[in-house]
Amino acid sequence: MKKALIFGITGQDGSYMAELLLEKGYEVHGMYRRSATGNTRNIEPILNRIVLHRGDLADVTSIYRVIGKVEPVELYNFADQDHVGWSYDLIDYASDITGSAVARILECVQQTQPSIRVLQPVSSNIFGRAESPQTEETPLRPQSPYGCAKAYAFLTARYYRDVHNLFCTCPIFYNQESPRRHHDFVTRKITTAVARIYRGLQEVLYVGDLSIQIDVGYAKEYVEAAWSMLQLPRADDFIICTGVTHSLQALAEEAFKVVGLEAKDYLRVDPTLMRPGKTDVLVGDASKANRTFGFAPRIKMPELMHMMVHHDLQLLDRELGLRGTEGAGPAGNMGVG
């Protein structure tokens, strides 16, 4: 039985990976930090089938201890400060946890168990200002602290692969969404607000730039692609995307359509939600992944929005059922950023 270690196992991608590995017969271990304690809803159904270890990417001793204790064959690092908007206000933290922590992990692997296969996901935000579509060879020009940190992680992974011969592969993920996405992210904010507006708990939804274009796919499919990458005979980097963009306006319209509402009646633009760093249209070319291991996204944007809205309606209805009818009426101007 193969052993796998997942950093960030309680998050969207980490939890999908844990389920996938269990299906494939792995012994699955995960490291989780103090602030994630009690926040295990994404892995609740599999808690009795995995092993959790305490640790933090800010603490190199815990990284070293957990890797040494588990002795995994494969290591998946989905842990980081993964919110672009927050990174503008948390520059040092984003740089450390999203960037420098990758060097800590890979140095621990290189010094102790260099045979471990490491998956280090990065983001399309490493490109920032670039011609479209982007490929694996597109020059890096990030426009946010998060993008800069991911660029450092990407280059560090390449360094350990080229110089120390570690098997370290990088999926370059474009926007990947699912019902497990945190509410801080704009797609989940939209679907949560749609459910609340439909149930009379919210009146409008505040958003930033509705014109931005997003290449968005289903996180579960992207995680499956990441696993396939780690099974290849040689480590490499691959763009994982749909190759199609939609405006934030189009995503919102599709979400409201699920419940029979018109987005224009509820959307409000809040200038304070505009990001200071502007990227070009980030749309990828996943042909290399398609040629190499057959990656082809199946879930498109409309189906994804429907999936997320229905999930959030079910969540809200369970909450309302627990509380009876209390608070079920309109709750005023409770917009979401």
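It should be noted that the structure appears before, not after, this text.
What you see is a predicted model; the values in this text were computed from it and never measured.

A. Local environment of helix H6 (residues 186-198). When the terminal C-alpha atoms of H6 are compared, their 18 Å separation across 13 residues agrees well with the 18 Å that a helix rising 1.5 Å per residue should span. Among the 13 residues that make up H6, 10 are buried, leaving the element largely enclosed by the rest of the structure. Those residues of H6 lying buried are Thr187, Arg188, Lys189, Ile190, Thr191, Thr192, Ala193, Val194, Ala195 and Ile197. Glycine 200 sits one or two positions beyond H6 and adopts a positive phi of about 80°.

B. Region of interest: the nonpolar core. Within the largest apolar cluster, 101 residues are counted, with the highest numbers of intra-cluster contacts made by Phe7, Met17, Tyr76 and Ile240. Leave out the neighbours within four places in its chain, and isoleucine 240 touches Pro171, Ile172, Phe173, Tyr174, Tyr222, Ala225, Met229, Ala289, Phe293 and Phe295.

C. Broad picture of the environment of phenylalanine 293. Inspection of the secondary structure puts phenylalanine 293 in helix H9 (residues 287-293). For the pair formed by phenylalanine 293 and tyrosine 152, sequence separation is 141 residues and the distance between their alpha carbons is 26 Å. Not counting residues up to four positions away in its chain, the partners in contact with phenylalanine 293 are Ala225, Ser228, Met229, Leu232, Phe238 and Ile240.

D. The arrangement of helix H8 (residues 248-258) in detail. Along H8, the positions that sit buried rather than exposed are Leu248, Leu251, Ala252, Glu254, Ala255, Phe256 and Val258. One or two positions beyond H8, positive phi appears at glycine 260, with a value near 75°.

E. Looking closely at the layout of surface pockets. By volume, the second largest pocket is sized at about 210 Å³. Every residue along the wall of the second largest pocket is listed here: Arg41, Asn42, Pro45, Pro179, Arg180, Arg181, His183, Arg188, His311, Leu315 and Arg318. Per element, the largest residue contribution to the lining of the second largest pocket is 3 residues, and it comes from helix H10 (residues 301-323). A per-class count over the lining of the second largest pocket returns 3 nonpolar, 3 polar and 5 charged.

F. Structural view of the state of the cysteines. Enumeration over the complete set of coordinates arrives at 0 disulfides. Looking at cysteine 148, it has no disulfide partner, and the nearest cysteine sulfur is the one in cysteine 170, 17 Å off. In this structure cysteine 168 is a free cysteine whose sulfur lies 5.0 Å from that of cysteine 170, the closest cysteine sulfur available.

G. Representation of the side chain of arginine 188. Of note, arginine 188 is situated in helix H6. Side-chain polar atoms of arginine 188 contact the side chain of aspartate 312, separated by 2.6 Å.

H. Main features of the pattern of salt bridges. For the structure shown, the criterion picks out 14 salt bridges. Close ionic contact of arginine 298 with glutamate 224 constitutes a salt bridge, the shortest N to O distance being 3.4 Å. Placement of arginine 298 in the loop between H9 and H10 and of glutamate 224 in helix H7 (residues 219-230) is noted, with a sequence separation of 74 residues between them. Residue classification places arginine 298 among the exposed residues on the basis of a relative accessible area of 55%. A relative accessible area of 27% means that glutamate 224 is categorised as partly exposed. Salt bridges sharing partners connect three or more residues here, namely Arg158, Arg161 and Asp237.

I. Geometry of the pairing of strand E12 (residues 237-240). Here E12 shows a buried face lined by Asp237 and Ile239 and a second buried face lined by Phe238 and Ile240. Bridge analysis of strand E7 (residues 167-173) against E12 gives 4 bridges, and the strand direction is parallel. Bridge pairing links cysteine 170 to aspartate 237 in E12.

Cut-offs applied
Residues numbered from 1 in each chain as written. Predicted model: local features only at pLDDT ≥ 70, side-chain atom pairs only at ≥ 80, totals over all residues. Heavy atoms only, no water. Helix = DSSP H or I, 4+ residues; strand = E, 2+ residues; numbered from the N terminus. Expected span 1.5 Å × (residues − 1). Buried < 20%, exposed > 50% of the residue type's maximum accessible area, 1.4 Å probe, protein only. Core = buried A, V, L, I, M, F, W, Y, C linked by side-chain atoms within 4.5 Å. Contact = heavy atoms within 4.5 Å. 1 Å grid on protein atoms, 1.4 Å probe; cavity = no way out; pocket = protein on both sides within 12 Å on 5 of 7 lines; lining within 4 Å. Points joined across faces, edges and corners; volume = space filled by probe spheres on them. Nonpolar A, V, L, I, M, F, W, Y, C, P; charged D, E, K, R; others polar. Disulfide = S-S within 2.5 Å. Polar contact = N/O pair within 3.5 Å; in protein donor to acceptor, adjacent residues only side chain to side chain. Salt bridge = Lys/Arg side-chain N within 4 Å of Asp/Glu carboxyl O. Pairing = 2+ DSSP bridges.

Purely geometric stuff here, so don't read any function into it on its own.
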